[in-house]
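Secondary and tertiary structure notes
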Protein chains: 2
Amino acid sequence: MSTTPQSYLFTQGCRYPDLEAKSKDELKTLLGGKGYGLYLMHSELGIRCPVALNLPTFHAHGLEDGRLPAALVEEVRKGLAEMEKATGKRFGDTANPLLVSARSGAKVSMPGMMDTVLNIGLNDAIVEALATGEQERFWLDSYRRLLQMYGDVVAQISEDGQDPFEHALAAFKKEVGAATDLDLGPAELRELISRYKAIFARHDSEFPQDPIEQVLRGAEAVFRSWNNERAIFTRRQEGIPDDLGTAVNIQEMVFGNKTPRSATGVFFTRDKSTGVKHADHLEGTVLFQAQGEDVVAGIRNSLPLEALRDHEDPAFHAIYEELRETGDMLERRLKNMQDTEFTIEERDGVPLLFWLQIRDGKRSAQAESVIAVEMHREGIVTREEALLQLNPDRIEELLFPRIEEADRKAATRITRGSAASPGAAAGKVVFTQDEALDLAAKGEPVILVTVMTSQEDVKGMKASRAILTTTGTKVSHAAIMATAWGIPAVVGASEIAIDPDAGLFRVGDFEVRRGDTITVDGSTGEVFLGAVPTTVPRDLPEAARTVLAWADEMKKLQVRANAEAAETRKAYDHGARGVGLFRTEHMFLGDRLPYIQAVLFGDDPDEAARALEAIYAFSKEDFRHSLRVMDGHGVTIRLLDAPLHEFFPADSDLEREENPMLGHRSVRMAITNPEIPRTQIRAILDAAADLLAEGLDPRPEIELPLVITPAEVHELKRVAAEVAMQVHEDRGVWVPYAFGIMVETPAAALQGRAMVEALRARVPGFPEEAHPRHGFASFGTNDLTQTTLAISRDDADKFLPLYVERRFFPRHPFVSLDPVVERLVRLFVEEARAVDPDFDIFICGEHGGDVYTIGRLHEIGLTGISMSPGKVYRSILAAAQAQVRHPR
Amino acid sequence: MSTTPQSYLFTQGCRYPDLEAKSKDELKTLLGGKGYGLYLMHSELGIRCPVALNLPTFHAHGLEDGRLPAALVEEVRKGLAEMEKATGKRFGDTANPLLVSARSGAKVSMPGMMDTVLNIGLNDAIVEALATGEQERFWLDSYRRLLQMYGDVVAQISEDGQDPFEHALAAFKKEVGAATDLDLGPAELRELISRYKAIFARHDSEFPQDPIEQVLRGAEAVFRSWNNERAIFTRRQEGIPDDLGTAVNIQEMVFGNKTPRSATGVFFTRDKSTGVKHADHLEGTVLFQAQGEDVVAGIRNSLPLEALRDHEDPAFHAIYEELRETGDMLERRLKNMQDTEFTIEERDGVPLLFWLQIRDGKRSAQAESVIAVEMHREGIVTREEALLQLNPDRIEELLFPRIEEADRKAATRITRGSAASPGAAAGKVVFTQDEALDLAAKGEPVILVTVMTSQEDVKGMKASRAILTTTGTKVSHAAIMATAWGIPAVVGASEIAIDPDAGLFRVGDFEVRRGDTITVDGSTGEVFLGAVPTTVPRDLPEAARTVLAWADEMKKLQVRANAEAAETRKAYDHGARGVGLFRTEHMFLGDRLPYIQAVLFGDDPDEAARALEAIYAFSKEDFRHSLRVMDGHGVTIRLLDAPLHEFFPADSDLEREENPMLGHRSVRMAITNPEIPRTQIRAILDAAADLLAEGLDPRPEIELPLVITPAEVHELKRVAAEVAMQVHEDRGVWVPYAFGIMVETPAAALQGRAMVEALRARVPGFPEEAHPRHGFASFGTNDLTQTTLAISRDDADKFLPLYVERRFFPRHPFVSLDPVVERLVRLFVEEARAVDPDFDIFICGEHGGDVYTIGRLHEIGLTGISMSPGKVYRSILAAAQAQVRHPR
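Fair warning: this is a prediction, and the values are worked out from it, not measured in the lab.

Here we come to the overall build of chain A. The secondary structure content of chain A amounts to 32 helices and 29 strands. Structurally, chain A occupies a C-alpha span of about 105 × 65 × 55 Å along its principal axes. A total of 888 residues make up chain A; the buried ones form 57% of that total. Residue pairs at least 24 apart in sequence account for 70% of intrachain contacts in chain A once pairs closer than 6 positions are excluded. Carbon and sulfur atoms make up 48% of the accessible area of chain A, which totals about 35,600 Å². Distance from the positive charge centre (101 side chains) to the negative charge centre (138 side chains) of chain A: 3 Å.

The structure is reproduced here in structure tokens:
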């Protein structure tokens, strides 16, 4: 039996020992984000905040046929009675009624996606009693709003899919010639209220006069809204788990719309775009005589917060200072920039500041590192705490083309979708792959606009500057591929309607034809008409570089990069120390294809020998370059690894393999054609010998792909030892080298002990110096995932997106390491380290650049990670964060 | 440090506590087969046997540059001194010299493949002293033989690849006009001896006069012969591990050629062809005044053993009785039929019987069960012991076409290769796949004769009655495929030279042209000219049926069969109780292909609906048949499992998958196209409902192929529950069914707990009766091996044979379960049984019919095994043997 309480009443100075025992993450999971903020404000921060009753998130799964279970009803009733005591107000009291809101609040914020009911507690009797004098309109309008929200959200009354209350309001305004809601006087509001009641009656429904009944029904509706269509859609979009659930917060209402000296507003402790904390002003806005929803509705323009400072009534000056001071206090206590909502309610002639919500503020990629560095400089956070503020996934955005704020404001935004792959680009609209390829071939920048993409579109996608889809989510094909290639993408821009026959798309009032230019911002999800200027930063901003330097010091995982010769310099410049995967197969393609063909398929031994010499020569040059750039750091060179058919002569009648991924390739080809690894190893050792002669410290590491049995290791170690002997004979030097395996099959992963023993074994008959100086292993998690799940990525397009969308996997298995594959990783690491506690184990699959995966691998105890050069920054940050969270 | 003694001296009544502690298998591993027999005879059986010194098998790996290490030399010297004491003879004594043989003896018998040296201990002085009178020729001939064997085997003297001793003998016989060796008198033998010594001198070699030196060099030579070419080739052929090594047995010589009243012979305790123990005669032969090698050389015809019984000297009558009585005693003590060698040496005028070798006798497949049943009837062995005498692999041979002994004797054998796939067949010789297909299409029986086969030849192989290759071994492609298909095959018939241009092959003096008829006996490895009659047994012989009935009672593993409708009756008749794998994909091919095409690729919903109805109808009929035949036993029906492209319309431009094995198939297609599993499940449940209405007990089991996540189980269980509801609604009956998964991916194997929990979970919202009655899992070890090792069998031909031949795997991984795959099996079983100790787990991959694998799976604790109907007999036997060896 769970001993978790069914609800929490938050009042000033409240204490809950069971909550104090929980971590921040656990608290947010239990109470939701909003509830967590309410708890902090009441229990710890001591700032003025309306009393609230939190019904934790797990109740969202406990409804019985959509209703609160009896035990919870009882609990809510008790909680409401406590609220009455704490506030001195009473539900249903015609003199001093307690009014509340029922607000959703999940662990992860999904603004506007779930339901809220305000002004709960009003009924005919209260309104009758209080709707007089100055406050007449206020009370009538509040009641009108309650009826409307209740009818829509709780009673779920709709007519032909429309909201009849909204419709009645619009019709009535027309009828009486009112331009806005504010033009409706008390008499009109009374009429509107009676029309609203008629709508209830028409649907055999009734608005309950009992305030407690309103609360219970309201809470149920908010819980249910966790599973409304918009919320589910958003969770799909954002990758938010379905089982989190939402909490319900029943909070005493305060009224920013009560009097002209009441107000509502938002306040950020720093600038969320730049990260700067301005000395001369506060970030945020305020709106007098308004409720929060009015700000959203944009009825009047909100004012900068300095309207408080400059207000004619000095009472507001004090509130301005209270905002500033409380903001500073919050930052010091919560160790992060805060995004807050507040209301000023005039009570007994005095404007009083109430804090409604606090939360860690969202910010731009640029602001992240600025805030971290500044807050550390200000002594608010340690370097470790500062580092944890960053989202490593976003650091590379700082180098993507971006739209400056001024240009953004000046541009015509036509719609907004889900920001699926960061960066911004302008280009001409095309609707098909063929159009993309045609136009791109003419040197034109193109943007592919389509309903969704699939494996068949990859050529067209790659030819595009940006991708815009009208469906899909952040885990759809378009998003994943665009992210992998670094192409900006916006997906799920559902307002866009493509008309393929007309060769155009429509969105709102805009019509965009094939060939028209648009600009897509994959960092924000925005789409603009025409070419909005973009700028490409040359280097990371200083604050980001500072944070990276901290991270580099803190991390325990070595960070290498997957780089061939041409990419090694960039990898080094981005902070990689060592190459975790030098793929050699590209060397053999293109113009050089005839060489490997002569070796594999030719019938002229002399030609084959000449081809091997050519292979040796260009291989050695490439290897030497990378070893030189990474002087003093390991360079893992993987022996030739490609499906055989990639080398077939064009006119060949050789039969393609049935399943090339599981065919005659990699170390298997090295076993059947040992002249190829022999040549590659000779090139590696000779390249290193050249650098040794220059006084450098080259550290070549020879790696076997697709190993499945220790016997393969023995065979190739013998080849390496033979080559080492030859090099020694020819050049008089023993070149030190390491020798390792790629772990990319379940078979290899399941034989950790045997593999490490094979790597450590002596090759009989060879001197000590001809042997590798040490062994290593590196997880090729892409192939390992493919073989473990029996999924060929090339062929997965018809079912994998569906599997991911339906959450058959906890995360996309080709983005973040799947738990099943992680189990194999653990099995290997445990066995390998049992044989040799210092055995070097890396990862070089693309999972090595995934932030979630890096955290897991840090905990598992890998030696290092390797990823494409473009992901080195994020990986350094992620590795440092992993160490801060789980020191090892 | 090993405490195993370096050698063992076997004398009458000897005791070795360390050997007494070992099992029979361990003793044979240590002492070799021959050494084990010597140990038994001396220590336990108390029958007259020459003293012997055994140098155990591990020494074969301990030679230092081909020489015995010093410690062993010392040990041998001591042992030889003990032999002198035990025999009363002395090495080098000119009056009573001790002569010995040095014989190889590995754990597994490889007759004639390793070396032997006889008559060790003779030298000039001894021969000079003893070669007089009646015995003159005996001693000279013995010395001549020693010189020749020593020169060949120990000194390894050869001239142009020829044996110069053999050559000198032949030349000398011609010179003096001698027809056979026996025609050489003492004078000639003295001349020959001097010519032999000249050969030694010519090669800067010398025959050592010191008997001890002869023994040491002889022992070394025998140890070295473990790695001679013939022995290695044989091990490859027979799948004998390289690391076993041979023992050396140094045994006192006894001489069947000493006098006319001396003899040598062989004696079998039962008829090795029929298994019968005849009342009126003994099995075996005897040759007077001869040594064992003379029998082999065939100088004179050997006589039946009754020659002893009917001998004029009653002393031999006693020996005949001694043979019979000792044979009976050996069978009772050793609990098996014995194959023995003996020598009768006349000493002091008395013929004395010496037993040289005893071993469990090899026997025909027919004889195996006859002997087992008879020995049990005679009270010699328990049923369990009798059962262990059988080789389960051979029982199906009893149903293959075979050549009767009389026909075999009358036929012209042209060569012999390795018996690779049992059964006999006659047919016309073809040399290529195309010829095979052409001739077979005309209804002619063909036999494919080729150097080796590969994946490209499978059509031609399947069209052939038998396969004959000139290279390869029992683990080559030809052998494995032929065994799988039940086609007789002889491989490695290296005497055959194919001349493709001339369209013929030559072997010995024979020339066989394309289209000529030959007969291949894959049970013996023999190849005959012309059509030798073959007979096909209708049923197993009675003894085999008796043994099978015992086995069926003893086994703990359930034995099912992989059978579609047409094969279910045969499976039941062979003893399978239940279908472990009913593949449904064949139902959809051929004439029925358009139906599934209409569902998958059509654009007419009505046509698709009609197609689904047709699919339903033929599926139901097939399912009902199998459920009826297996009434009361489980029938596991696997939902559609085939690569998508197998269903592509012929004129389709659909793109074939890159790696179909890892593509959109199996349960993935069931998820994306749920109408197909829905139709299949409805057919299954309706078929069962029909039988329930007849009062039968149908037990359908629905199985999902290629599962990788528990979510797939949840999805398809819901479909099944929905169908069960519909069936209940339509027919008023709740059909009981089981629901399970095929474990054929590492992902499934690594999630035992989650999979079993998913199988046990309730489908929300469904009544208890709509749920499966129980869950189960079945290992698809073929795909599991492919994914674990990342080997596509279709594409493995270029490297897998090499890997198998070089012993990169302990056994062929697609024949016997690889240890790495076994690890996954164990992981799954452990987790699954932790959730539910009674959870049913089967295997239905072809490994399920492999005798080695069955033993492993019995120990792991599987519920049952399933294999093709043709392997049910062997599997029942293997399962029972596993239980006898490891009761559970």
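After that view of the structure, there is still more to cover.
Core analysis: the biggest nonpolar cluster contains 272 residues, and Phe779(A) and Phe779(B) have the highest contact counts within it. Among all residues touching Phe779(A), those that are not within four sequence positions of it are Val743(A), Leu784(A), Val825(A), Phe828(A), Val829(A), Ile841(A), Phe842(A), Ile843(A), Cys844(A), Gly845(A) and Leu862(A).

Now for the interface of chain B and chain A. In this complex, chain B contributes 46 residues to the contact, which on the side of chain A involves 46 residues. Counting the surface lost from both chain B and chain A, the interface buries some 4,200 Å², and carbon and sulfur atoms represent 61% of this. It is Glu658(B), Leu662(B) and Arg823(B) that lose the most area in chain B upon contact with chain A, and together they represent 15% of the buried surface on that side. Remark: the boundary between chain B and chain A carries six salt bridges. Notably, a salt bridge pairs Glu658(B) with Arg656(A), separated by 3.3 Å at the nearest N-O pair. Along the contact surface separating chain B from chain A lie 28 residue pairs in polar contact (both at pLDDT 80 or more). Considering every element that reaches the side of chain B that touches chain A, the biggest residue donor is helix 30 (residues 819-835) of chain B, with five residues. In terms of residue class, the side of chain B that touches chain A is built from 22 nonpolar, 12 polar and 12 charged.

Another aspect to go through is the side chain of Ser364(A). Relative to the elements of secondary structure, Ser364(A) occurs in the loop between strand 10 (350-360) and helix 13 (365-377). If near-sequence neighbours (up to four positions away) are discounted, Ser364(A) is found in contact with Lys272(A), Ser273(A) and Arg394(A).

A separate point is the pattern of salt bridges. A complete count under the given rule lists 140 salt bridges over all chains for this structure. The salt bridge involving Arg217(A) is made with Glu220(A); its shortest N-O contact spans 2.9 Å. Here Glu220(A) and Arg217(A) lie together in helix 8 (residues 211-224), a separation of three residues that amounts to about one turn. Exposure class is identical for Arg217(A) and Glu220(A). Each is buried. Taking the shortest distance from any N to any O, the salt bridge between Glu822(B) and Arg856(B) comes out at 2.9 Å. Pair noted here: Glu822(B) is in helix 30 and Arg856(B) is in helix 31 (residues 851-860), with a separation of 34 residues, a long-range link. A residue is classified by how much of its surface remains accessible, and Glu822(B), at 7% relative accessible area, is buried. Connected via shared salt-bridge partners are Lys620(A), Arg624(A), Arg682(A), Asp686(A), Asp690(A), Asp730(A) and Arg731(A).

Once chain B is rotated about the relating axis by 179° and shifted along it by 0.1 Å, it coincides with chain A to within an RMSD of 0.3 Å. Considering both components of the superposition, the chain copies are consistent with a two-fold axis. Among all residues of chain B, the minimum C-alpha distance to the rotation axis is found for Asn659(B), at 2.2 Å. A shared interface surface links the copies, since 100% of the contact residues of chain B are contact residues in chain A too.

Take the packing of aromatic side chains next. For the structure shown, the criterion picks out 46 aromatic pairs over all chains. Their ring planes at 90° and their centres at 5.2 Å tell us that Phe165(A) and Tyr196(A) sit as a pair that is edge-to-face. Linking Phe165(A) in helix 6 (residues 164-176) with Tyr196(A) in helix 7 (residues 186-202), this pair joins segments that are 31 residues apart in sequence. Both residues of the pair, Phe165(A) and Tyr196(A), count as buried. Here Phe288(B) and Phe316(B) contribute two aromatic rings whose centre-to-centre distance is 5.5 Å and whose plane-to-plane angle is 80°, an arrangement assigned as edge-to-face. Of this pair, Phe288(B) sits in strand 7 (residues 283-288) while Phe316(B) is found in helix 12 (residues 314-334), placing the two residues 28 residues apart along the sequence. Residue Phe316(B) is classed as buried on the basis of its relative accessible area of 0%. An aromatic cluster is present here, built from Tyr143(A), Tyr150(A), Phe165(A), Tyr196(A), Phe200(A) and Phe207(A) joined pairwise through their rings. We note Arg235(A) situated over the ring of Trp226(A); from NZ or CZ to the ring centre the distance is 3.8 Å.

Moving on: the sheet that holds strand 24 (residues 634-638) of chain A. All names here are of chain A. Here we have eight strands rolled up into a closed barrel, ordered 22-23-24-25-26-27-28-29, and parallel in their pairing. Adjacent strand axes in the sheet meet at a mean angle of 25°, parallel and antiparallel pairs treated alike. In this sheet, strand 26 (residues 738-743) lies alongside strand 25 (residues 699-704) in parallel orientation, the contact comprising four bridges. Note that in strand 26 the partner of Ile 702 across the bridge is Phe 739.

The next subject is the sheet that holds strand 14 (residues 446-450) of chain B. Residue and element names in this part refer to chain B. Read from one edge of the open sheet, eight strands run 11-21-20-13-14-15-16-12, paired in mixed fashion. Bordering the open sheet on either side are strand 11 (413-416) and strand 12 (418-421), each of which pairs with just one other strand. Along the sheet, successive strands turn relative to each other by an average axial angle of 30°, direction set aside. As judged from the two bridges shared by strand 15 (residues 466-469) and strand 16 (residues 489-491), these two strands associate in the parallel manner.

Most of helix 28 (residues 781-789) of chain A is tucked away: eight of the nine residues are buried. Following helix 28 of chain A by one or two positions, Ala790(A) adopts a phi angle in the positive range, close to 55°.

Mean pLDDT over chain A stands at 93; residues scoring 70 or higher make up 98%. This complex was scored by the predictor with a pTM of 0.86 and an ipTM of 0.84.

This next bit is on the side chain of Asp641(A). One can find Asp641(A) in the loop between strand 24 and helix 23 (667-672). Beyond its immediate stretch of four places on either side in the chain, Asp641(A) contacts Glu585(A), Arg665(A), Ser666(A) and Pro705(A).

Quick look at unusual backbone geometry now. At Ala790(A), a position not held by glycine, the phi torsion is positive, near 55°. Summarising the element assignment, Ala790(A) is placed in the loop between helix 28 and helix 29 (800-805). When its relative accessible area of 0% is taken as the criterion, Ala790(A) is described as buried. Phi angles above zero are rare outside glycine, and Ser666(B) is one such case at about 55°. With respect to the helices and strands, Ser666(B) occurs in the loop between strand 24 (634-638) and helix 23 (667-672).

Conventions and cut-offs
- Residues numbered from 1 in each chain as written.
- Chains lettered and ligands numbered in written order.
- Predicted model: local features only at pLDDT ≥ 70, side-chain atom pairs only at ≥ 80, totals over all residues.
- Heavy atoms only, no water.
- Helix = DSSP H or I, 4+ residues; strand = E, 2+ residues; numbered from the N terminus.
- Buried < 20%, exposed > 50% of the residue type's maximum accessible area, 1.4 Å probe, protein only.
- Contact = heavy atoms within 4.5 Å.
- Areas by Shrake-Rupley, 256 points an atom, 1.4 Å probe, with all protein chains shown as cover.
- Lys, Arg positive; Asp, Glu negative; His and termini not counted.
- Charge placed at Lys NZ, Arg CZ, Asp CG, Glu CD.
- Core = buried A, V, L, I, M, F, W, Y, C linked by side-chain atoms within 4.5 Å.
- Buried area = accessible area lost by both parts, 1.4 Å probe.
- Salt bridge = Lys/Arg side-chain N within 4 Å of Asp/Glu carboxyl O.
- Polar contact = N/O pair within 3.5 Å; in protein donor to acceptor, adjacent residues only side chain to side chain.
- Nonpolar A, V, L, I, M, F, W, Y, C, P; charged D, E, K, R; others polar.
- Least-squares fit on C-alpha atoms with pLDDT ≥ 70 in both.
- Phe/Tyr/Trp six-rings, centres within 6.5 Å; stacked < 30°, edge-to-face > 60°.
- Lys NZ or Arg CZ within 6 Å of the ring centre and 35° of its normal.
- Pairing = 2+ DSSP bridges.
- Axes fitted to C-alpha atoms, helices over the stretch in contact; angles between N-to-C directions.
- pLDDT = per-residue confidence, 0-100.

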